[in-house]
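Topology and contacts: notes
Given next are the chains, with one letter for each unit.
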Amino acid sequence: MEENFKMIAKTFFGFEEILATELKNLGAQDVEQGVRMVSFKGDKGFMYKANLSLRTALKILKPIYSFRANNEKALYKGVSGVNWSKFINANQTFVIDTTAHSEYFKHTEFVSQKCKDAIVDQFRERTGQRPSIDKVHPDLRINIHIDKDQVSVALDTSGNALNQRGYRTSTNIAPINEVLAAGILLLSGWDGQSDFLDPMCGSGTFLAEAAMIACNIPANINRKEFAFEKWKDWDNDLFDKITDSLLGKVREFHHTIKGYDKAPSAVSKAKENIRNANLEEYVSIEGNNFFDSEKTSEGKLHIVFNPPYDERLDIHMEEFYKNIGDTLKQSYPGTNAWFITGNLEALKFVGLRPSRKIKLFNAGLEARLVKYEMYEGSKRTKFQERS
């Protein structure tokens, strides 16, 4: 039986709890939340499963060694303490990604260079040959993390960040990150138990992620490759077995997922991305201006969207956000509406009181995810009916 080992799933600020929940639901052991990360334990099969399934993880790292260093000599010696031939051959390629929060190591490129020298010199001394650097398509991606004088060496199991799902080939201005979209959907309580609408769908990211959550489709099933496929212990049969098992848990969806956008170019891009994700049977997209629309479905409706703000598009902020509030109030009764904005001033113009506000970061900018509850009839009537 495969042994369990420690792994670290990296994520966005504010998503640590939902990522921890995802990991527990998948069957991870010893799940512990940190800042922008969650650590856990599992075996090789679970490593494959986590990369395929996790919606809110950006990367999954496998720590292999840690040591203390407060100068370049100690750093070189520490990295030399790993037997690198276990992970890579002399004729292969590698790359090093470094993050450092340390007074001793202020330049990450210098750290990467020093660690590269340690690895290359080890091979040259033992074999007379050396692996080379490939920044685009390496055989092994190594992660160095320095906090004060504590150095952690890990293997990157994912390769390209896990938001690169493989379905999005067409995008508009500043498309929302797929992991951010999935996290917002999970924070909003979306579980596929009602109709769904993204009224400003852009390239369709919320629609694709909403459909995959509703049907329990693994988030990265459309991805072309993961870093671990180039590892020495790669087990293709195990990977296929894990994939088949996950696909066996896909469930039926009995509601509708709709996207609107008033730009014809956005509608065609969104349709292309939904087609790439093999989600056409669940998602419909049409050209429509949200401000001229109204609720078309009976029962509860779950709305999630990412409205444009003036950093990205030329809009009149005050009027635009007022129109959002008016449209929700007048045309969308029986709706929970969530949206994210990096323009905190703009929220004042919506004219509705949010029932929730969650601090997130979108492309490095502080943002708010807000929830507005639209009741059938007035709020007072709603509460009188309950009593």
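Keep in mind that this is a model prediction, so the values were computed, not measured.

1. Section: the sheet that holds strand β13 (residues 335-341)
- Taken in spatial order, the seven strands of this open sheet run β11-β10-β9-β12-β13-β15-β14, and their pairing is mixed. Both outer strands of the open sheet, β11 (283-287) and β14 (356-362), are each paired with one neighbouring strand and no more. Ignoring which end each strand starts from, the neighbouring axes of this sheet average 20° apart.
- Examined bridge by bridge, strand β10 (residues 257-261) and β11 share five bridges and lie parallel to one another.

2. Here's the deal with the pattern of salt bridges
- One pass over the structure, following the stated rule, counts 14 salt bridges.
- In this structure, E345 engages K348 in a salt bridge whose closest nitrogen and oxygen atoms are separated by 2.8 Å.
- Using a relative accessible area of 59% as the deciding quantity, one classes K348 as exposed.
- A salt bridge links K371 to E373, with the shortest nitrogen-to-oxygen separation between them at 3.9 Å.
- Judged by its relative accessible area of 30%, E373 falls in the partly exposed class.

3. A short note on the UniProt feature "domain: THUMP" (unreviewed entry) in the protein
- What UniProt calls "domain: THUMP" (unreviewed entry) maps, in this numbering, to residues 46-157.
- Annotated as 33% helix and 32% strand, the span residues 46-157 places its first and last C-alpha atoms 12 Å apart.

4. Considerations on the side chain of S112
- Tracing the backbone shows S112 in helix α4 (residues 108-127).
- A residue is classified by how much of its surface remains accessible, and S112, at 14% relative accessible area, is buried.
- For S112, the contacting residues outside a window of four places in its chain are I96 and T98.

5. A word on the packing of helix α3 (residues 72-80) against α4
- Relative to each other, α3 and α4 sit at 45°, their axes nearing to 9 Å. Comparing the axis directions of α3 and α4 gives the class oblique. In terms of crossing hand, the pair formed by α3 and α4 is right-handed. For the pair α3 and α4, contact is made by E72, L75, Y76, V79 and S80 and by F110, V111, K114, C115, D117, A118, I119, D121 and Q122, respectively.
- Partitioned by chemical class, the residues of the contact of α3 with α4 number eight nonpolar, two polar and four charged.

6. Points about the pairing of strand β2 (residues 29-33)
- Bridge count for β2 against strand β3 (residues 37-42) is three bridges, and the pairing is antiparallel. Across the sheet, residue Q29 finds its bridge partner in β3, namely K41.
- Counted between consecutive antiparallel strands, the loop separating β2 from β3 contains three residues, among which R36 sits at a positive phi close to 60°.

7. Considering the state of the cysteines
- In total, this model carries zero disulfides according to the counting rule given.
- Looking at C201, it has no disulfide partner, and the nearest cysteine sulfur is the one in C215, 18 Å off.
- Residue classification places C201 among the buried residues on the basis of a relative accessible area of 5%.

8. Digging into the domain arrangement of the protein
- Taken as a whole, the protein is organised into domain 1 (5-156) and domain 2 (178-217 + 246-382).
- With 14 residues of domain 1 in contact, the opposing surface of domain 2 contributes 15 residues.
- The largest per-residue losses of area from domain 1 upon contact with domain 2 belong to F13, F15 and R55, which jointly make up 55% of the total buried on that side.
- For the pair domain 1 and domain 2, the number of links is zero salt bridges.
- The interface formed by domain 1 and domain 2 includes two residue pairs in polar contact (both at pLDDT 80 or more).
- Of all the secondary-structure elements, those providing two or more residues to the side of domain 1 that touches domain 2 are α1 (16-26) and α2 (44-53).
- The greatest single-element share of the side of domain 1 that touches domain 2, amounting to three residues, is contributed by α2.
- Across the side of domain 1 that touches domain 2, the residue classes tally to seven nonpolar, three polar and four charged.

9. Re the packing of aromatic side chains
- Using the criterion set out here, one finds 23 aromatic pairs in the structure.
- With centroids separated by 6.0 Å and ring planes inclined at 65°, the aromatic side chains of W84 and F87 adopt a geometry described as edge-to-face.
- A relative accessible area of 0% places W84 in the buried class.
- Residue classification places F87 among the buried positions, given a relative accessible area of 19%.
- Centre to centre, the rings of F228 and F239 are 5.9 Å apart; their planes meet at 55°, and the pair counts as tilted. One end of the pair, F228, is in the loop between α6 (205-215) and α7 (236-247); the other, F239, is in helix α7, with eleven residues separating them in the sequence.

10. So, α6
- Along α6, eleven of the eleven residues are buried, which leaves the element largely enclosed by surrounding structure.
- Turning to α6, its buried residues are T205, F206, L207, A208, E209, A210, A211, M212, I213, A214 and C215.
- If you follow the buried residues of α6, they end up packed against α5 (178-187), β9 (195-198), β10, α8 (264-276), β11 and β12 (301-305).
- Just downstream of α6, N216 is the residue with a positive phi angle, here 60°.

Calculation rules
- Residues numbered from 1 in each chain as written.
- Predicted model: local features only at pLDDT ≥ 70, side-chain atom pairs only at ≥ 80, totals over all residues.
- Heavy atoms only, no water.
- Pairing = 2+ DSSP bridges.
- Helix = DSSP H or I, 4+ residues; strand = E, 2+ residues; numbered from the N terminus.
- Axes fitted to C-alpha atoms, helices over the stretch in contact; angles between N-to-C directions.
- Salt bridge = Lys/Arg side-chain N within 4 Å of Asp/Glu carboxyl O.
- Buried < 20%, exposed > 50% of the residue type's maximum accessible area, 1.4 Å probe, protein only.
- UniProt positions renumbered as here; feature names shortened; annotations may be inferred.
- Contact = heavy atoms within 4.5 Å.
- Parallel < 35°, antiparallel > 145°, perpendicular 65-115°, else oblique.
- Left-handed = near helix turned anticlockwise from the far one by under 90°.
- Nonpolar A, V, L, I, M, F, W, Y, C, P; charged D, E, K, R; others polar.
- Disulfide = S-S within 2.5 Å.
- Domains from an automatic or database assignment.
- Buried area = accessible area lost by both parts, 1.4 Å probe.
- Polar contact = N/O pair within 3.5 Å; in protein donor to acceptor, adjacent residues only side chain to side chain.
- Phe/Tyr/Trp six-rings, centres within 6.5 Å; stacked < 30°, edge-to-face > 60°.

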